[in-house]
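Here is what each chain is made of, one letter per residue.
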Amino acid sequence: MYTELFDQISFSEAKERVLSKSKLDIESALHISHSGKALNFEEYLSLIHPSADSYLEKMAELSLGWTQKRFGNTISLYMPMYLSNECRSSCIYCGFSFENKIPRKTLNESEIRAESEVLHSKGIRHLLILTGEDYSITNLEYLRSSVRILKSYFDSISIEIYPMDREKYEVLIGEGVEGLVVYQETYDPEVYAKYHLRGMKKNMRYRLDAPDRGGLAGFRRIGVGALLGLSDPYGEMFRLAEHAHYLSKKYWRTTIQISLPRMRPAEGEFDKTIFVSDREYVRFLFALRLFLPDSGLIQSTRESIRMRNHLAGMPITHMSVESRTDPGGYSGGEELKQFEIEDSRKIEEFTEMLKKKGLDPVFKDFDRAFFQVPDRIG
């Protein structure tokens, strides 16, 4: 399990490993990438060092080359569907946190169908379903019945829900779920304990090993990520890349995907965000691409229009579009959102932007598209 590797070095030591890199290390890493070789872990660390900011243009050039080599000009588009905002966990930075006095809602069968009709009509065939962390309301049977409905509309279904045991993941895979997303939020144990006050999510180690349980269960895709802004970004980027690399080696039949969401305004009074600049953010993404060239890099509508336009197809290969973070939001539900989004463009406008950049938007999981699996509907 990843926790065995995690225990070998502290978060503060991980940060210091990054900050120990030199200009010579940075230039050596860039030379290796330019020669056509993926970076090793130490070379990756040199490119997230603050001094690598001076080489951002070169990193962008190399990142574009690696992305085109591995993914061509394809951008996989998906939309998230929030099935529920019910939550028994207290994560003080999250709009769904138990203490926040917001209206709570869990979609019933007819509401799931109404949401699905809207997304299907927009051309979406790759769906990510999300819930809060209320295990009694969105239990395994609720999830199974929801997936059975969704399979009639979508070719590829991924889940971003509370962590489960391997056996429950196997049940959902049996129902047709292909992808698992588990964002660690923060890899800093002290900060994790400080910001997760109650509920199952308080158990950091159980969450850390959830991708392992998903790999053992047999998910075709596993996504990991860190929520930048909760703790020191250099420690986070050390741990996130370490985690993704470990998973890619151990579960080599599974595609590993990575996301770097940054903190956004949400319900509640959380104001402890650590600022991560745009230049830092793109440098981190470029470094990940040069280290893990076969991993999909995901970007959500949390980011600005300018940022998303700039990064599409450079390091980014998967993008959400026209997202709603509230249960029932697509079919006219209440405003029960988890956080504020930044890019609210409609699909038509967004895909037109991609095409003008010479990119090919794909509305279902393009791994499946490469194998020419036909549409289930239409």
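Here, the structure is the one placed above.
The present account deals with the structure reproduced in this document. (Residues numbered from 1 in each chain as written. Predicted model: local features only at pLDDT ≥ 70, side-chain atom pairs only at ≥ 80, totals over all residues. Heavy atoms only, no water.)

**Here we look at the pairing of strand β7 (residues 221–226)**
At step 1: Judged by how many residues are buried, β7 sits mostly within the fold: six of six residues are covered.
At step 2: Judged by which residues are buried, β7 turns out to be covered on both faces: Arg-221, Gly-223 and Gly-225 on one side and Ile-222, Val-224 and Ala-226 on the other are all buried.
At step 3: In this sheet, β7 lies alongside strand β5 (residues 179–185) in parallel orientation, the contact comprising six bridges. Bridging from a neighbouring strand, Val-181 pairs with Gly-223 of β7. (Buried < 20%, exposed > 50% of the residue type's maximum accessible area, 1.4 Å probe, protein only. Helix = DSSP H or I, 4+ residues; strand = E, 2+ residues; numbered from the N terminus. Pairing = 2+ DSSP bridges.)

**Regarding the environment of Tyr-234**
At step 1: Locating Tyr-234 in the fold gives a position in helix α12 (residues 233–250).
At step 2: Residue Tyr-234 is classed as buried on the basis of its relative accessible area, which comes to 10%.
At step 3: With 218 residues separating them in the primary sequence, Tyr-234 and Glu-16 have C-alpha atoms 8.5 Å apart.
At step 4: With near-sequence residues (within four places) excluded, Tyr-234 lies in contact with Lys-15, Val-18, Leu-19, Ile-48, Pro-50, Glu-280, Arg-283 and Phe-284. (Contact = heavy atoms within 4.5 Å.)

**Describing helix α4 (residues 41–48)**
At step 1: Of all eight residues in α4, seven are buried; the element is thus mostly enclosed.
At step 2: Turning to α4, its buried residues are Phe-41, Glu-43, Tyr-44, Leu-45, Ser-46, Leu-47 and Ile-48.
At step 3: Contacts made by the buried residues of α4 are with α2 (11–19), α3 (23–34), α5 (56–71), α12 and α13 (278–291).
At step 4: Of the residues flanking the start of α4, the one acting as N-cap is Asn-40, its side-chain oxygen 3.2 Å from the backbone nitrogen of Glu-42. (Polar contact = N/O pair within 3.5 Å; in protein donor to acceptor, adjacent residues only side chain to side chain.)

**Things to note about unusual backbone geometry**
Peptide bonds are mostly trans, and most non-glycine residues show a negative phi.
At step 1: A positive phi is found at Glu-185, a non-glycine position, where the angle reads about 70°.
At step 2: Looking at where Glu-185 falls in the secondary structure, it is placed in strand β5.

**What to know about the pattern of salt bridges**
At step 1: Per the stated rule, a full pass over the model turns up 28 salt bridges.
At step 2: Residue Lys-105 is joined to Glu-111 by a salt bridge in which the shortest nitrogen-to-oxygen separation is 2.7 Å.
At step 3: The class for Glu-111 is partly exposed, based on a relative accessible area of 23%.
At step 4: A cluster of three or more residues bridged by salt bridges with shared partners is formed by Glu-133, Glu-185, Lys-201 and Arg-207. (Salt bridge = Lys/Arg side-chain N within 4 Å of Asp/Glu carboxyl O.)

**Thoughts on the environment of Lys-37**
At step 1: Tracing the backbone through its elements, the reader meets Lys-37 in the loop between α3 and α4.
At step 2: Exposure remark for Lys-37: the relative accessible area of 55% places this residue in the exposed category.
At step 3: Once the C-alpha coordinates of Lys-37 and Trp-66 are considered, the two residues, 29 residues apart in sequence, prove to be 9.8 Å apart.

**Structural notes on the side chain of Thr-131**
At step 1: Within the secondary structure, Thr-131 is located in the loop between β3 (126–130) and α7 (140–150).
At step 2: Other than its neighbours up to four places away in sequence, Thr-131 contacts Leu-83, Ser-84, Thr-138, Leu-143, Glu-160, Ile-161 and Tyr-162.

**Re the packing of aromatic side chains**
At step 1: Across all of its chains, the model carries 10 aromatic pairs by this definition.
At step 2: Seen from their ring centres, Phe-41 and Phe-238 are 4.9 Å apart, and the 80° between their planes marks the pair as edge-to-face. Here Phe-238 lies in helix α12 and Phe-41 lies in helix α4, a separation of 197 residues in the sequence.
At step 3: When its relative accessible area of 1% is taken as the criterion, Phe-238 is described as buried.
At step 4: Judged by centre distance (4.6 Å) and plane angle (85°), the rings of Tyr-135 and Tyr-162 are edge-to-face. With a gap of 27 residues between them, Tyr-135 in the loop between β3 and α7 and Tyr-162 in the loop between β4 (156–160) and α8 (166–175) connect regions that are remote in the sequence.
At step 5: Judged by relative accessible area, which is 5%, Tyr-162 ranks as buried.
At step 6: Ring-pair connections join several aromatic residues into one group, and the members of that group are Phe-41, Tyr-44, Phe-238 and Phe-291.
At step 7: Between Arg-213 and the ring centre of Tyr-206, over which it is positioned, the NZ or CZ distance is 3.8 Å. (Phe/Tyr/Trp six-rings, centres within 6.5 Å; stacked < 30°, edge-to-face > 60°. Lys NZ or Arg CZ within 6 Å of the ring centre and 35° of its normal.)

**Let's talk about helix α6 (residues 109–121)**
At step 1: End to end, α6 covers 18 Å across 13 residues, agreeing with the expected 18 Å (1.5 Å per residue, within 8%).
At step 2: Among all positions of α6, only Ile-112, Glu-115, Ser-116, Leu-119 and His-120 are buried. Here the buried residues of α6 occupy an arc of 130° about the axis, which is enough to place them on one side. The exposed set on the far side of α6, more than 90 degrees from its buried face, consists of Ser-110 and Ser-121.
At step 3: Buried residues along α6 sit against β1 (74–82), β3 and α7.
At step 4: Phi for Gly-123, located one or two positions after α6, is positive at around 95°. (Expected span 1.5 Å × (residues − 1). Arc of directions from axis to C-beta.)

**Points about the packing of α4 against α12**
At step 1: Contact geometry for α4 and α12: axes closest at 11 Å, N-to-C directions at 150°. With respect to their mutual orientation, α4 and α12 come out roughly antiparallel. In the crossing of α4 with α12, the sense of the turn from one axis to the other is right-handed. Counted together, Phe-41, Tyr-44, Leu-45 and Ile-48 of α4 and Tyr-234, Met-237, Phe-238, Ala-241 and Glu-242 of α12 form the full contact between these two elements.
At step 2: Across the contact of α4 with α12, the residue classes break down as eight nonpolar, no polar and one charged. (Axes fitted to C-alpha atoms, helices over the stretch in contact; angles between N-to-C directions. Parallel < 35°, antiparallel > 145°, perpendicular 65-115°, else oblique. Left-handed = near helix turned anticlockwise from the far one by under 90°. Nonpolar A, V, L, I, M, F, W, Y, C, P; charged D, E, K, R; others polar.)

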